[in-house]
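Given next are the chains, with one letter for each unit.
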Amino acid sequence: MRHYLQFSDLSASEYAYLFERAALIKRKFKAYEKHQPLVDRTLAMIFEKASTRTRVSFEAGMYQLGGSVVHLTTGDSQLGRSEPIEDSARVISRMVDLVMIRTYGQDKIVRFAEYSRVPVINGLTNEFHPCQILADIFTYIEHRGSIQGKTVAWVGDGNNMANTWLQAAELLGFTVHVSTPTGYEVDQAVAGIARGESFKVFDDPMQACADADLVTTDVWTSMGFETENEARKKAFAEWCVDADMMRVAKPDALFMHCLPAHRGEEVQADVIDGPQSVVWDEAENRLHVQKALMEFLLLGRLA
Ligand code: CP
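What counts and how
- Residues numbered from 1 in each chain as written.
- Predicted model: local features only at pLDDT ≥ 70, side-chain atom pairs only at ≥ 80, totals over all residues.
- Heavy atoms only, no water.
- Helix = DSSP H or I, 4+ residues; strand = E, 2+ residues; numbered from the N terminus.
- Rg over C-alpha atoms; globule rule 2.2 N^0.38 Å.
- Buried < 20%, exposed > 50% of the residue type's maximum accessible area, 1.4 Å probe, protein only.
- Contact = heavy atoms within 4.5 Å.
- Areas by Shrake-Rupley, 256 points an atom, 1.4 Å probe, with all protein chains shown as cover.
- Lys, Arg positive; Asp, Glu negative; His and termini not counted.
- Charge placed at Lys NZ, Arg CZ, Asp CG, Glu CD.
- Near = heavy atom within 4 Å.
- Polar contact = N/O pair within 3.5 Å; in protein donor to acceptor, adjacent residues only side chain to side chain.
- 1 Å grid on protein atoms, 1.4 Å probe; cavity = no way out; pocket = protein on both sides within 12 Å on 5 of 7 lines; lining within 4 Å.
- Sits in = over half its atoms within 2 Å of the grid points.
- Nonpolar A, V, L, I, M, F, W, Y, C, P; charged D, E, K, R; others polar.
- Core = buried A, V, L, I, M, F, W, Y, C linked by side-chain atoms within 4.5 Å.
- Points joined across faces, edges and corners; volume = space filled by probe spheres on them.

## Points about the overall build of the protein
Summing up its helical and strand segments, the protein has twelve helices and nine strands in all. The C-alpha radius of gyration computed for the protein amounts to 19 Å, which stays within 12% of the reference 19 Å derived for 303 residues, consistent with globular compactness. Structurally, the protein occupies a C-alpha span of about 50 × 45 × 35 Å along its principal axes. Evaluated residue by residue, the protein yields a buried proportion of 54% over its 303 residues. Taking as baseline every contact in the protein between residues at least 6 positions apart, the subset at least 24 positions apart corresponds to 73%. When the accessible surface of the protein is summed, it comes to about 12,800 Å², and 50% of that surface belongs to carbon and sulfur atoms. Across the protein, 31 positive and 42 negative side-chain charges occur, with their mean positions spaced 7 Å apart.

## Description of the site of the ligand
The full set of residues close to the ligand is Ser-51, Thr-52, Arg-53, Thr-54, Arg-102, His-129, Gln-132, Cys-258, Leu-259 and Arg-286. With respect to the ligand, the side chain of His-129 contributes an N or O atom lying 2.8 Å from an oxygen atom. Within the contact set of the ligand, a nitrogen atom lies 2.9 Å away from a backbone nitrogen or oxygen of Cys-258. For the ligand, the accessible surface in isolation is 250 Å², of which the surrounding protein chains cover 95%. Assessed atom by atom at 2 Å from the grid points, the ligand resides in the largest pocket. Tallied by class, residues from the shell around the ligand come to two nonpolar, five polar and three charged.

## Comments concerning the nonpolar core
Membership of the largest hydrophobic core comes to 56 residues, with the highest contact counts inside it found for Tyr-4, Ile-121, Ile-137, Trp-165 and Phe-174. Not counting the four nearest positions on each side in its chain, Tyr-4 is found in contact with Asp-9, Leu-10, Tyr-15, Val-120, Ile-121, Asn-122, Pro-130, Cys-131, Leu-134, Leu-293 and Leu-297. Among the nonpolar cores identified, the runner-up in size contains 22 residues, and Val-215, Phe-236, Met-246 and Ala-261 belong to it.

## Digging into the layout of surface pockets
Volume-wise, the largest pocket comes out at about 740 Å³. For the largest pocket, the lining is made up of 40 residues, of which Asp-218, Val-219, Thr-221, Ser-222 and Met-223 are closest to its centre. Of all the secondary structure elements, the ones that give two or more residues to the lining of the largest pocket are helix H2 (53-64), helix H6 (160-172) and helix H9 (229-235). Looking at the lining of the largest pocket element by element, the count peaks at three residues for H9. In this structure, the second largest pocket spans a volume of roughly 210 Å³. Surrounding the second largest pocket, Ala-12, Tyr-15, Ala-16, Phe-19, Ile-137, Ile-141, Ser-146, Ile-147, Gln-148, Leu-171 and Leu-172 form its lining. Every element with two or more residues in the lining of the second largest pocket is listed here: helix H1 (12-30), helix H5 (130-144) and H6. Broken down by element, the lining of the second largest pocket gets its largest block of residues, four residues, from H1. Each residue belonging to the lining of the second largest pocket can be placed in one class, and the counts come to nine nonpolar, two polar and no charged.

The quantities given are spatial measurements derived from coordinates; they are silent on function.
This is how it looks when you write it as structure tokens:
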């Protein structure tokens, strides 16, 4: 049994398989061709934080694969009334085939997985967002081919997205240029990066974007950090992806954002709504890559 708790849980060869499989599943979806390898399988989705893309993509994806979905939140289950995570994991995993969790600390999802009889997928924690980076890299490949040897500029918070980009770079052989305000740097220990050779740190976000193949960012205040909102707005004022940053990147550079976005804060409207932006493909691809992931975790590699 395999879990998907962080990006480094799969190998480069497994990612190569998943990207090919996601492309096939997407082609079938676009052609209205049924692809239902998970008939009679059930996915439990546990949300302790809000979601639009993760909820819709996992729920629609599981139905499209022939399975069904149970949706739980902290407020409408015993999870919100202090039932131990270990007990919840034991019970839920006796009734379903797969569990997706969006929660706060990575330790919670690790504990759940430890006591689960079925695969567990990270739908976002404070530390990682592997399903999003899976979609982002698939989107890059669709538009530009292999990401190996390329440069990704990360502008903004050293958050769960940044940590996951660093894991992906180490595994798949590309470089991340990271520029964050002081006090919001990526923590290499949290990211779980062994060597630190696949990322470079820049004080100036313009320098991070120079010659980048992909420029990407995220909100200044992630879910769970709302009390820091005003302080972050001041600290991050210079870390707004704008046309000047895109101009110093490669001429064919792409722009990505995991969404939801705040135009005028972490990105200017003319960038996210401009010709280099692929954010709508990126959002849609959550559906296709996660269908490939769920199929892989339950059935392994298929011909
Ligand atoms: N990008 C992302 O995970 O979106 P949601 O928070 O809407 O699920």
